[in-house]
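# Structure assessment
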Amino acid sequence: MVKNYFYNLLLTLANLLFPILSFPYVSRVLGPEGIGKVQFVFSFAQYFALIAGIGIPIYGMKEIARYKNDREGRSRVFSELMLIYVLTSISMGVLYVATIYTFPYFNGNRGMYLSALLLVLLGCSYIEWVYIGMEEFKSIALRSVMFKLIGLVLMFLFIKTSGDYKLYLYLLMFSFLGNNILSHFLLRGKVQFMFRGLEVRKHIKPLLFIFGTTIATSIYTDADTVLLGFLSNSKTVGLYTAAVKLSKISIPIVTSMGVILIPKIAKDFADKNMDGVQHSLNQTFRFIVFLGVPIVFGLALLAPEFIGLFSGKDFMGATNSMRLLSILPLVIGFANLLLFMILVPSGKNREMFLCVMGGLVTCVVLDFLLIPALQQIGSSIANISSEIIVTLLYFYVINRHFSFTYKWSLLGKAIISALIFIPLIWLVKEISMPLIYRVVISVSGCAMAYAIIQLFLFKNDFIFDIVAVVKMKLNKTGEV
């Protein structure tokens, strides 16, 4: 588990550092309008790719985990799901082309939309669910880091003016699809594609429930960008994109513990080992609280500094949106825990769908009501409202079927510990210094103060566990 967490942490850091290194540069070169155009095209194509997936990336993780030590069973499940995936990708590709040629809205940038067709047709190349099910986190991390580095280098080499926004789209596609295609070549020997004895029909019903859940989730998490593009303009989308990216940049860190426990908890549910499930939930819950709460406080209090540092003065209009969205890492952290560690492995597909539909209705209604008057602020309110509604519904449904417990006192202690951020950041802001120094001093000072309060005031055993793991690794290194 420690080794898996190390590689997942590597992947998490890559997902964190890549936007930190790339977005400040590309946002200054392309500006809000260029960023808005690219983000709208990319998000629009991703919708069709998401529909083509019909829930296979989520459902597939659980199914592959069931056959972790059975190569033949694993190969059969892989072949059955990939056959479905290829057919749906081709179908959605045809629908995508028909859409962009039918509606006049797409005439202006039709070339970009046609280029993004590859995201739809090759959506079936995404097979990380196989690697997660087999707990091959090393392969996932190394491939992702490699393509992110290549994409970063190419971006700095070729994106030089505001007119290079099309090239930025192509580089995003390269990083995404290149990683997926390589993953297929590296899968040789782990699974074998089979053509006989396949039972595709048995997957349809559970996939349809997960598909409905996935689509509804995507709509209430990503439709804000698409609806904002339809109801406002590219510049507003660009501002909102900056706020969302900076607010969500830390989410992979908060959810990293849960990812590596998905295969284990799926097996525990299959074996009806509820004590094992509760143990995994306890680990993940305190991890989310310990990291999520200070991240929320930091994002909200330092929103102007983060916007100014990573996006530039042209994006300062996104400050209030970022403050509103700063709660997302904590809320989404809880939602992922409940969804991927309880509802998915326990097979509560119908309940998942109904919960997410609550978020979908909330999102769509608030988007249409608020965007015309409040623009990106309206999208931000709709976004956080829908995430909170879905998370609360998850809690409600789970409490009806299970008796799992959560240490809510940890949340209160974390909030009290993070309150020290307010005077510390205010003090730093009062001192005249360059923006980068202000951010670095604020973040490091708040992190140290938070850790000290958690350790000495609340005796948080999570910190002691981290120290124990570090000591164990150091001792093993010393023995070698």
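Keep in mind the model is a prediction, meaning the values are calculated, not measured.

Another aspect to go through is the overall build of the protein. Helices and strands together make up the secondary structure of the protein, namely 21 helices and 0 strands. At 22 Å, the protein has a C-alpha radius of gyration in line with the 23 Å of a compact globule built from 480 residues. By sequence separation, contacts in the protein at least 24 residues apart represent 83% of the contacts at least 6 residues apart. In the structure as shown, the protein presents an accessible area of about 21,600 Å², 68% of it carried by carbon and sulfur atoms. Between the centroid of the 41 positive side chains of the protein and the centroid of its 24 negative side chains there is a distance of 2 Å.

Right, let's talk about the environment of Leu427 for a bit. Its location among the elements puts Leu427 in helix α19 (residues 421-430). Taking the C-alpha atoms as reference points, Leu427 and Ser442, 15 residues apart in sequence, are found 9.2 Å from one another.

The next thing to look at is helix α13 (residues 303-310). The buried fraction of α13 amounts to 8 of the 8 residues, a majority that puts the element mostly inside the structure. For α13, the full list of buried residues reads Ala303, Pro304, Glu305, Phe306, Ile307, Gly308, Leu309 and Phe310. Backbone geometry just downstream of α13 places Gly312 in the positive-phi region, at approximately 100 degrees.

This next bit is on the nonpolar core. Core analysis: the largest hydrophobic core is formed by 136 residues, its most contacted members being Tyr96, Trp129, Ile342, Tyr394, Phe404 and Tyr406. When residues in this core are grouped by element, the largest group, 15 residues, is from helix α1 (residues 2-53). Sequence-distant contacts of Phe404, defined by excluding residues within four places in its chain, comprise Phe269, Met274, Val277, Gln278, Leu281, Ile342 and Ile398.

The end-to-end C-alpha distance of helix α8 (residues 165-185) is 31 Å, a good match for the 30 Å that 21 residues give at a rise of 1.5 Å each. Restricting attention to buried positions, one finds in α8 the residues Tyr165, Tyr168, Leu169, Leu171, Met173, Ser175, Leu177, Gly178, Asn179, Asn180 and Ser183.

Taken as a whole and judged by the stated rule, the model has 5 salt bridges. For Arg76, the salt bridge goes to Glu72, with nearest N and O atoms at 3.4 Å. Linking Arg76 with Glu72, this pair stays in helix α3 (residues 71-102), spanning 4 residues, or about one helical turn. Residue class for Glu72 comes out exposed when judged on its relative accessible area of 52%. A salt bridge links Arg438 to Glu305; the nearest nitrogen and oxygen atoms lie 3.8 Å apart. One end of the pair, Arg438, is in helix α20 (residues 435-457); the other, Glu305, is in helix α13, and 133 residues separate them in sequence. Judged by relative accessible area, which is 6%, Glu305 ranks as buried. Salt bridges sharing common partners tie together Glu305, Lys429 and Arg438.

Attention now moves to the packing of aromatic side chains. Using the criterion set out here, one finds 26 aromatic pairs in the structure. For the ring pair Phe285 and Tyr406, a centre distance of 5.9 Å and an interplane angle of 45 degrees mean the geometry is tilted. Of this pair, Phe285 sits in helix α12 (residues 274-301) while Tyr406 sits in the loop between α17 (376-401) and α18 (409-418), and the two are 121 residues apart along the sequence. For the ring pair Phe297 and Phe421, a centre distance of 6.3 Å and an interplane angle of 85 degrees mean the geometry is edge-to-face. Of the two residues, Phe297 sits in helix α12 while Phe421 sits in helix α19, which places them 124 residues apart along the sequence. For the pair Phe297 and Phe421, a shared accessibility class is recorded, and that class is buried.

What follows covers the environment of Phe211. Topologically, Phe211 is positioned in helix α9 (residues 201-231). Here Phe211 falls in the partly exposed class, since its relative accessible area comes to 21%. When the C-alpha atoms of Phe211 and Ile56 are compared, they prove to be 7.9 Å apart, with 155 residues separating the residues in sequence. The contacts of Phe211, once residues within four sequence positions are left out, are Ile51, Ile54 and Gly55.

Within the protein, residue pLDDT values average 83, and 91% of them lie at 70 or more. Confidence drops under a pLDDT of 50 for residues 476-480, and excluding neighbours within four residues, the segment shows 0 contacts in the predicted structure.

Glancing now at the environment of Ser89. You can see Ser89 is positioned in helix α3. Exposure remark for Ser89: the relative accessible area of 0% places this residue in the buried category. Note: C-alpha distance between Ser89 and Phe48 (41 residues apart in sequence) is 8.4 Å.

Together, Phe103, Tyr105, Phe230, Leu231 and Phe368 make up an exposed nonpolar region whose accessible area comes to about 490 Å². Judged by relative accessible area, Phe230 falls into the partly exposed class, the value being 40%.

Mapped onto the elements of the fold, Thr319 is located in helix α14 (residues 319-325). Assessed through its relative accessible area of 8%, Thr319 is described here as buried. A polar contact of 2.8 Å, which involves the side chain of Thr319, links it to the backbone oxygen of Met316. When sequence neighbours within four positions are dropped, the list of residues in contact with Thr319 reads Ala303, Pro304 and Ile307.

The phi torsion at Lys272 lies on the positive side, around 60 degrees, for a residue other than glycine. Among the secondary structure elements, Lys272 is positioned in the loop between α11 (251-270) and α12. Its relative accessible area of 70% is what places Lys272 among the exposed residues. Backbone geometry places Gln375, a non-glycine residue, at a positive phi of 55 degrees. Among the structural elements, Gln375 can be located in the loop between α16 (349-374) and α17.

Rules behind the numbers
- Residues numbered from 1 in each chain as written.
- Predicted model: local features only at pLDDT ≥ 70, side-chain atom pairs only at ≥ 80, totals over all residues.
- Heavy atoms only, no water.
- Helix = DSSP H or I, 4+ residues; strand = E, 2+ residues; numbered from the N terminus.
- Rg over C-alpha atoms; globule rule 2.2 N^0.38 Å.
- Contact = heavy atoms within 4.5 Å.
- Areas by Shrake-Rupley, 256 points an atom, 1.4 Å probe, with all protein chains shown as cover.
- Lys, Arg positive; Asp, Glu negative; His and termini not counted.
- Charge placed at Lys NZ, Arg CZ, Asp CG, Glu CD.
- Buried < 20%, exposed > 50% of the residue type's maximum accessible area, 1.4 Å probe, protein only.
- Core = buried A, V, L, I, M, F, W, Y, C linked by side-chain atoms within 4.5 Å.
- Expected span 1.5 Å × (residues − 1).
- Salt bridge = Lys/Arg side-chain N within 4 Å of Asp/Glu carboxyl O.
- Phe/Tyr/Trp six-rings, centres within 6.5 Å; stacked < 30°, edge-to-face > 60°.
- pLDDT = per-residue confidence, 0-100.
- Patch = residues over 30% accessible without salt bridge, like charges linked within 9 Å, V, L, I, M, F, W, Y side chains within 5 Å.
- Polar contact = N/O pair within 3.5 Å; in protein donor to acceptor, adjacent residues only side chain to side chain.

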